[in-house]
Amino acid sequence: MAQSAISQHIAALTSIPSQPTAADMSRAEAKPSVDHLMDTPLPVLVNELGVTLIDSEITDREFFGAVVQRKTGELLLTMPRDRSELEHDTVARYLLAQALGVDVPPMSAPLTTTRLEGGAV
């Protein structure tokens, strides 16, 4: 996927108005365990963590999703719409683990993640 398309997508995500929730305020103090992250139904997990889940318009088959952490701590998770339930669930949990600092094994090829710090794209 072209880096500029990813950059534009991340820029669009960060421009969405912030809506902090109680979960946003408490997320910094408590991160989920690996078991909780992997076993909790995804809709429940997203709600507990106060994550904003957004359908991505990106159709590139090499784009599996992205997570952006705002300065407020709020997490925005964007996922392609046209993926299987298994792929959506697996990638969402992995991206959340990466963003929250939950120690999980790396994904196998072809999935790779890139961490951008300080708003650098």
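For the chain, mean pLDDT is 80; residues scoring 70 or higher make up 72% of the total. In the model of the chain, helix α2 (residues 22-27) stands out as the element of lowest mean pLDDT, 44, in contrast to helix α3 (residues 34-39), which has the highest, 94. Here residues 19-29 is a poorly scored stretch, pLDDT under 50, and it has 18 contacts once near neighbours within four places are set aside; other chains count.

Let's shift gears to the side chain of T40. Within the secondary structure, T40 sits in the loop between α3 and α4 (42-49). Once you skip the residues sitting within four places of it in the chain, T40 turns out to touch D35, L45, E48 and R93.

The next subject is the pattern of salt bridges. Enumeration according to the criterion identifies six salt bridges in this entry. A salt bridge links R70 to E74; the nearest nitrogen and oxygen atoms lie 3.5 Å apart. On the basis of relative accessible area, R70 is assigned to the buried category, the value being 13%. Put simply, R83 and D82 hold a salt bridge, and the shortest N to O gap is 3.4 Å. Overall, R83 belongs to the buried group, its relative accessible area being 10%. For D82, a relative accessible area of 48% puts it in the partly exposed group.

What follows is about the nonpolar core. The nonpolar side chains of soluble globular proteins are, as a tendency, buried together. Membership of the largest hydrophobic core comes to 21 residues, with the highest contact counts inside it found for V51, L77 and L96. Of all elements in the fold, only α4, β3 (75-80) and α5 (85-100) reach the threshold of two or more residues within this core. It is α5 that contributes the most residues to this core, eight residues altogether.

Cut-off values and rules
- The written sequence of each chain sets the order in which its residues are numbered from 1.
- Residues qualify for local features only when their pLDDT is at least 70, as the model is predicted, and side-chain atom pairs are given and counted only at 80 or more; totals for whole chains, interfaces and linings, by contrast, use all residues.
- In computing side-chain values, all of the structure's heavy atoms are included and hydrogens and water are not.
- pLDDT gives the predictor's per-residue confidence on a scale running from 0 to 100.
- A run of H or I in DSSP counts as a helix once it spans at least four residues, and a run of E counts as a strand once it spans at least two, with each numbered from the N terminus.
- Should any heavy atoms of two residues lie within 4.5 Å, those residues are considered in contact.
- Throughout this description, the term salt bridge denotes a Lys or Arg side-chain nitrogen within 4 Å of a carboxyl oxygen of Asp or Glu.
- The buried label goes to any residue with under 20% of its type's maximum accessible area, the exposed label to any with over 50%, and the partly exposed label to all in between, with areas taken from a 1.4 Å probe on protein chains only.
- Side-chain atoms within 4.5 Å link the members of a nonpolar core, which is a set of buried Ala, Val, Leu, Ile, Met, Phe, Trp, Tyr and Cys residues.

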